[in-house]
Amino acid sequence: MSSDLDVFVGNTTLIDEEVYRLWLDGHSVAEAVARRLRGGVLEREGTSVAVLQSDTRDHYRTFQMLERLLHAPPRLLQQLLFQIPPERQALLVQRYYAFDEALARELLGKKLSKGTKKELDEVSARTGVGIRSCRRQFDNFKRVFKAVEELRGPLAENIQQLFLLPPPLARDYAAIVFFANSRFETGKRRLQFLSFADFAACAQSMMGHWSQGALAPEAAEPDGDLPKSFLQDLKELKVLVTDKDLLDQHKSLVCSALRGKISVYNELEANFKALSRALVNVGGKLTHARDVRDFFVDLVEKVIEPCRSDKWSPGDLRLFLTHYTAAPRNLPGFRHQALWERYMAAITACLLRMYHE
């Protein structure tokens, strides 16, 4: 009597995506087993509780051994101990560095220090994100910040290269680094209507128009800082509001272009000078650290809230900012058009993103 026996031997590391998610969320082995049981895994797989417990513990041990490699993702690609297909490696990295936007919103603009890490218990309670997951995400933010804070070049590209993140996630981390560098105030009550995505979009616009990489790609300064020379130059724009003739001509050009085209023309005409002073002075004050911190507070308090009060629509604001930015080209006494347009490009993008009716 004979029998055939097929034998397969392999060393591919198996990754259960559900268990990986439970591990990333900070659940213990016992909690993960309980959740898998509630999900009906026994019925689907036809196994026992003992096997499920052993399987979960085995996955957790694998993830814990992989974690040191995930701290420097290129090492995961180079190592030979774990045979993981490239697409699985990419999934491991992407999910390890993914973060909860509610948590990022809480930490945005804060120093990524031990003091902030001690506050994570309170942050966890406010956001509903498990404390272990909060700590992992905070450590990821800090690790990325430390890795790129002194590097030249676009932040997002540096992060993408060092941590092998997909472009959208790399851009979000770039925003976190940018806010940690400049320490913008984001926690005030009047800013609570703004989401992490709102602030991230503003950061990308500011880096795209104001950063050292945007101004002089060959320069050696890190791209996450606002160049002091550029911020100093913004003081030159104050001539648009301190020179009465220029201010009157600017108003005349903008109002002539918008007459009959926006629903709040009367309000615009009455408040143009105050609005123009607010827009120009926000930039003129950015040489002082305190005023840099209050950048978003100033935009909300001095531009967005007055426009809301006068019932501007987003379309009204967009049309106004377009003509307001373009009009100085026709002011003979104004010699800073390139600087003005670079400044207003970021201001416009921020305001349009932040303007929630």
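Within every chain, residues take consecutive numbers counted from 1 along the sequence as written. Totals for whole chains, interfaces and linings use every residue, but because this is a predicted model, local features are given only for residues with pLDDT of at least 70 and side-chain atom pairs only at 80 or more, for both listing and counting. To obtain the side-chain values, all non-hydrogen atoms of the structure were used and water was disregarded.

Describing helix H2 (residues 29-38)
Condition: Whether a residue is buried, partly exposed or exposed follows from its accessible area with a 1.4 Å probe, protein chains only, as a fraction of its type maximum: under 20%, in between, or over 50%, in that order. Under the DSSP-based scheme used, a helix requires at least four consecutive residues in state H or I and a strand at least two consecutive residues in state E, with every element numbered from the N terminus. Within this analysis, the arc is defined by the directions that extend from the helix axis to the C-beta atoms. In what follows, a contact means two residues having at least one pair of non-hydrogen atoms within 4.5 Å.
Within the sequence span of H2, burial applies to Ala32, Val33 and Arg36. Around the axis of H2, the buried residues are gathered within 100 degrees of arc, so they sit on the same side. Residues of H2 that are exposed and point more than 90 degrees away from the buried face comprise Ala30 and Arg38. In this fold, the buried residues of H2 make contact with helix H1 (17-24), helix H3 (41-45) and helix H4 (49-70).

Comments concerning the packing of aromatic side chains
The criterion, for reference: Only Phe, Tyr and Trp rings take part, Trp by its six-membered ring, and two of them pair if their centres are within 6.5 Å. Stacked means planes under 30 degrees apart, edge-to-face means over 60, and tilted covers everything else. Here, a charge over a ring is recorded when the distance from Lys NZ or Arg CZ to the ring centre is within 6 Å and its angle to the ring normal is within 35 degrees.
Tallied over the entire structure, the rule returns 30 aromatic pairs. Between the aromatic rings of Phe99 and Phe196, the centroid separation amounts to 5.4 Å while the plane-to-plane angle is 85 degrees, which identifies the pairing as edge-to-face. Here Phe99, found in the loop between helix H6 (86-97) and helix H7 (101-107), pairs with Phe196, found in helix H13 (residues 196-210); they are 97 residues apart in sequence, far enough to count as distant. When its relative accessible area of 2% is taken as the criterion, Phe196 is described as buried. Geometry around Tyr96 places Arg136 over its ring, the cationic atom sitting 5.4 Å from the centre.

Examining the pattern of salt bridges
For the record, the criterion: Salt bridge, as used here, is a side-chain nitrogen of Lys or Arg placed within 4 Å of a carboxyl oxygen of Asp or Glu.
Tallying each qualifying case throughout the model produces 20 salt bridges. The partner of Asp248 in a salt bridge is Lys244, with the nearest N and O atoms 2.9 Å apart. Residue Asp248 and its partner Lys244 are located together in helix H17 (residues 244-258), separated by four residues, close to a single helical turn. Across the pair Lys285 and Asp291 runs a salt bridge, and its minimum N-O distance is 3.9 Å. In this structure Lys285 comes out as partly exposed when scored by relative accessible area, which is 24%.

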